[in-house]
Amino acid sequence: MPPDWDFEADVVVVGFGAAGACAALEAAAAGRSVLILDRFCGGGATALSGGVVYAGGGTAQQRAAGVTDTPAAMLGYLRTEVGDAVPEATLREFCDGSAAMLAWLEGHGVPFEGSLCPDKTSYPTNRHFLYYSGSELSAADASGPDSGTGPPAPRGHRTLGRGTSGGLLYARLAAAVRGAGVRGAGVRVLTQTAARHLVTDPADPAGRVTGVQCSSLRRAPGWVRLAHRVVHRLSVKPYLYLPKLGRVLHRPAGWLERRYARPLRIAARHGVVLAAGGFAASRPMMRAHAPNARGGLPLATPGDDGSGIGLGTEIGGATAFLDRVSVWRFLSPPPALLGGVLVDRAGQRICDESRYGAALGDAIVRHGGRAWLLVDARTRAEARRQVRRSTLWFQRLQAWYLLSLGAVRAPTVAGVAARAGVDPGGLAATLAACNAAARDPAVPDPAGKPAAVRRPQDQPPYYLIDVSVRPRLFYPAPVLTLGGLVVSPQTGQVLRPDGRPVAGLYAAGRTAAGLCSRSYVSGLSLADCVFSGRRAGHHAATEGVTLRRT
Ligand SMILES: Cc1cc2nc3c(=O)[nH]c(=O)nc-3n(C[C@H](O)[C@H](O)[C@H](O)COP(=O)(O)OP(=O)(O)OC[C@H]3O[C@@H](n4cnc5c(N)ncnc54)[C@H](O)[C@@H]3O)c2cc1C
């Protein structure tokens, strides 16, 4: 190793979440030495996540649940969500290999199970681990049997663990990575080491990436490393629910880094994979790219500061879909609320209420961010009865808000509209059309809601529940960034604005634009992390040329 480098490896992976772990596993499987570095101790948003992986085409769990699914049906549905985010061939490759990808995860110790959830929900309870995690039911109903979307199939595979099971998913991947190191492929993890800049070869006209310039607490006193670890760990959960408090709690971590971190240079003989998460924690980037998501709750850790994307753009990488930010507005659980009618201030219908929460959030943002759900006394009573059996603790707070604090009530439709500040004439007309469709399945619902979910809302008193995208303690609107660096669909290599690849540089997960960049359904981000992480790790290991030493 030349004297000006502190470490070297064939493949250097920046960020130890799902995408980084999968990249490392593939690079190690190709026989390369791998060095993973993480600003904190690894885990990222992956470890906080619900652990839902979108998979189908006939997974072992779907078969165990008696579900019929094919890669073609999965492709048919996902095409409507993914759109132009990736080329058709890439989407097809993802769907064709989906069942095998889930088996690959299982092979690395991540458990799944085929217990099918009977309700349409934002997240199943601890009794169920397979569910309709997108808008599959609505899409199938709206487009009809001959649409090519095939029979709707549940594809949300929740990692088999209690509570939000992303922690288990990450723990198993991290153990597999460390195991790969033990088995001799040479995987090393440098924690508390942040990538600050990429190093390029000045003698190479293509500006090949040859390493990473870092700042690291490796040589800091023990108490500094401990304090940094503890501060980060204690602030990530508060950051999810009360971002302002989380930011304050996290501040000492930044101070410790500024005061004690020392420069470190890591050479990458074959390639660098950027897998450092998204940018929901960067206020300047959010202001610049997603002003409509203001008031949302960053679905992220303080590590999602856009630094991974910044590393790529600094040396000429292009970005895409940075303005695509998923804002979640789940109405279910309790599932009875899907029978309600979602309207804007003019009383106009916003969209089919049974669609996935990110689709609802997207539609609400397009209607100016204000929205109300109209339900009648019968629907509300049914929803109240469902709360206990259909929710986990974090959903219970939301359900409680929707059924109490968040609603105004009146004996008539005009009265409830006046109380909420919604146009009474518009609301009455919208409700009449929805009720006609709910009473007679032959009458099409104006927003295409499936017949099975339609319910007439005609039993007074009426309630208008405020489901606007606004800062709310009990009903926050989680926000996930979806865009990132543009990468080659074949290799995961970072591309310049003119389409030429940046030699030696790859990106994956939420640092890159990928499968979920146009529209998110539950599980598609983690699925993309696995898909794009494996692709980047494999190609960085097998395609790169050896670092030229002068
Ligand atoms: C509460 C919650 C629930 C979710 N549920 C789901 C779900 O069920 N299914 C789903 O598909 N998606 C879900 N998501 C989204 C999903 O978890 C993330 O999109 C995904 O985990 C991103 O993975 P990643 O590997 O790209 O980044 P991360 O998992 O965030 O990992 C990035 C890592 O990079 C490190 N890092 C950052 N900057 C640097 C730097 N400069 N140098 C070195 N290291 C750096 C960070 O410390 C971090 O460890 C959820 C997210 C949250 C927060």
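Just so it is clear, the model here is predicted, and its values are computed rather than measured.

For this particular structure, what's the right way to read the environment of valine 343?
By the element assignment, valine 343 lies in strand E13 (residues 341-343). Using a relative accessible area of 0% as the deciding quantity, one classes valine 343 as buried. Along the backbone, valine 343 and glycine 426 are 83 residues apart, and their C-alpha atoms lie at a distance of 9.2 Å. Setting aside anything within four residues of it in sequence, one finds valine 343 in contact with Gln348, Arg349, Ile350, Arg370, Ala371, Trp372, Val422, Leu427, Thr430 and Leu464.

Help me out: how do you make sense of the packing of aromatic side chains in this one?
Centre-to-centre distance and the angle between the planes together describe a pair of aromatic rings. One pass over the structure, following the stated rule, counts nine aromatic pairs. Seen in terms of ring centroids, tyrosine 401 and tyrosine 475 are 5.4 Å apart; in terms of plane orientation they differ by 20°. Their pairing is stacked. Placement of tyrosine 401 in helix H15 (residues 393-403) and of tyrosine 475 in the loop between strand E16 (462-466) and strand E17 (478-481) is noted, with a sequence separation of 74 residues between them. The residues tyrosine 401 and tyrosine 475 share a single accessibility class, namely buried. Joined through ring pairs, the aromatic side chains of Trp328, Phe330, Tyr356 and Tyr520 make up one cluster. Its guanidinium or amino end placed over the ring of tyrosine 260, arginine 259 lies 4.7 Å from that ring's centre, counting from NZ or CZ. Sitting above the plane of the tryptophan 5 ring, arginine 265 keeps its charged end 4.6 Å from the centroid.

Honestly, unusual backbone geometry in this entry has me stumped. Any pointers?
With the exception of glycine, most residues fall at negative phi, and the peptide bonds are largely trans. Along the chain, proline 333 connects to proline 334 via a cis peptide bond; the corresponding omega equals 0°. Here the bond from proline 460 into proline 461 is cis, since omega is 0°, no more than 30 degrees from zero. Along the polypeptide, proline 461 turns up in the loop between helix H17 (424-439) and E16. Unusually for a residue other than glycine, glutamine 192 sits at a positive phi of about 50°. Tracing the chain through its elements places glutamine 192 in the loop between strand E6 (187-190) and strand E7 (193-200). Classification of glutamine 192 by relative accessible area gives buried; the value is 2%.

Where do I start with the confidence of the model for the protein in this structure?
Atomic detail in the predicted coordinates should be set aside for any region of low pLDDT. Here the protein shows a mean pLDDT of 91. Residues at 70 or above account for 95%. Every residue in residues 546-550 scores below 50 in pLDDT, and together they form twelve contacts with partners more than four places removed in sequence or on other chains.

What is the right way to read the site of the ligand from this model?
Neighbouring the ligand are 41 residues; Asp38, Ala45, Thr46, Ser525 and Leu526 lie closest to it. Alanine 18 is positioned with one of its backbone polar atoms (N or O) 3.3 Å from an oxygen atom of the ligand. In this structure, glycine 523 approaches the ligand through a main-chain N or O atom, which is 3.4 Å from an oxygen atom. The protein chains hide 95% of the 1,000 Å² of surface that the ligand would expose on its own. Among the elements of the structure, helix H1 (18-29), helix H2 (44-48), E7 and helix H18 (524-543) are those that each provide at least two residues to the shell around the ligand. Looking at the shell around the ligand residue by residue, the class counts come to 21 nonpolar, 16 polar and four charged.

Please clarify how the environment of arginine 472 should be interpreted in this entry.
As for its placement among the helices and strands, arginine 472 is situated in the loop between E16 and E17. According to the relative accessible area criterion, arginine 472 is buried, its value standing at 17%. Remark: the alpha-carbon pair of arginine 472 and tyrosine 54, spanning 418 residues in sequence, is separated by 29 Å.

Would you explain the sheet that holds strand E4 (residues 130-131) in this entry?
For sheets, the rule is that strands pair by backbone hydrogen bonds, running either parallel or antiparallel. The three strands lie next to each other as E3-E5-E4, forming an open sheet whose pairing is antiparallel. Two strands in the sheet have a free side with no partner beyond their single neighbour: strand E3 (52-54) and E4. Across three bridges, the pairing between E3 and strand E5 (residues 156-158) is antiparallel. The residue of E5 that forms the bridge with tyrosine 54 is glycine 156.

Help me understand the pairing of strand E2 (residues 34-37), please; the structure alone is not making it clear to me.
Successive side chains on a regular strand alternate, one facing one side of the sheet and the next facing the other. Burial of E2 is two-sided: the residues Val34 and Ile36 facing one way and the residues Leu35 and Leu37 facing the other way are all buried. Alignment of strand E1 (residues 7-14) against E2, held across four bridges, turns out to be parallel. Bridging across to E2, valine 14 finds its partner in leucine 37. Of the crossover connections in this fold, the one passing from E1 over H1 to the parallel E2 is right-handed. Pairing of E2 with E6 involves four bridges; the strand directions are parallel. The residue bridging valine 34 from the neighbouring strand is valine 187, located in E6.

Help me understand H15 in this model?
Since the α-helix advances by 3.6 residues per turn, residues separated by three or four positions end up pointing in the same direction. Restricting attention to buried positions, one finds in H15 the residues Gln395, Gln398, Ala399, Tyr401, Leu402 and Leu403. Buried-residue contacts for H15 involve helix H14 (377-390), strand E15 (407-410) and E16.

Quick question: what am I supposed to make of the pattern of salt bridges here?
Any two side chains of opposite charge can pair, on the condition that their charged atoms come close. Per the counting criterion, the structure on display carries 20 salt bridges. Where arginine 324 meets aspartate 362, a salt bridge forms, and the shortest distance between an N and an O atom there is 3.4 Å. Residue arginine 324 is located in the loop between strand E11 (319-320) and strand E12 (325-327), and its partner aspartate 362 is located in helix H13 (residues 357-366); the two are separated by 38 residues in the primary sequence. In this structure, glutamate 353 engages arginine 349 in a salt bridge whose closest nitrogen and oxygen atoms are separated by 2.7 Å. If you follow the salt bridges from partner to partner, you end up with Arg39, Arg196, Glu257 and Asp305 in one network.

Looking at this structure, how should I read a positive patch on the surface?
On the surface, Lys244, Arg251, Arg283 and Arg287 cluster together to form a positively charged patch. When residues of the positive patch are traced back to their parent elements, those giving at least two are helix H10 (243-260) and helix H11 (283-289). As for its placement among the helices and strands, arginine 287 is situated in helix H11.

So what exactly am I meant to see when it comes to the sheet that holds E16 here?
With antiparallel pairing, the four strands of this open sheet are ordered in space as E13-E14-E16-E15. Strands at the two margins of the open sheet, each flanked by one partner only, are E13 and E15. Pairwise comparison of adjacent strand axes, ignoring direction, gives a mean angle of 25° for this sheet. Taken together, the five bridges between strand E14 (residues 372-376) and E16 define a ladder with antiparallel strand orientation. Opposite valine 375, over in E16, you have tyrosine 463 as the bridge partner. Against the sheet, H17 touches E13, E14 and E16, its axis set at about 150° to E13.

Rules used in this analysis
Residues numbered from 1 in each chain as written. Predicted model: local features only at pLDDT ≥ 70, side-chain atom pairs only at ≥ 80, totals over all residues. Heavy atoms only, no water. Helix = DSSP H or I, 4+ residues; strand = E, 2+ residues; numbered from the N terminus. Buried < 20%, exposed > 50% of the residue type's maximum accessible area, 1.4 Å probe, protein only. Contact = heavy atoms within 4.5 Å. Phe/Tyr/Trp six-rings, centres within 6.5 Å; stacked < 30°, edge-to-face > 60°. Lys NZ or Arg CZ within 6 Å of the ring centre and 35° of its normal. pLDDT = per-residue confidence, 0-100. Near = heavy atom within 4 Å. Polar contact = N/O pair within 3.5 Å; in protein donor to acceptor, adjacent residues only side chain to side chain. Areas by Shrake-Rupley, 256 points an atom, 1.4 Å probe, with all protein chains shown as cover. Nonpolar A, V, L, I, M, F, W, Y, C, P; charged D, E, K, R; others polar. Pairing = 2+ DSSP bridges. Right-handed = clockwise from strand over helix to strand, strands pointing away. Salt bridge = Lys/Arg side-chain N within 4 Å of Asp/Glu carboxyl O. Patch = residues over 30% accessible without salt bridge, like charges linked within 9 Å, V, L, I, M, F, W, Y side chains within 5 Å. Lys, Arg positive; Asp, Glu negative; His and termini not counted. Charge placed at Lys NZ, Arg CZ, Asp CG, Glu CD. Axes fitted to C-alpha atoms, helices over the stretch in contact; angles between N-to-C directions.

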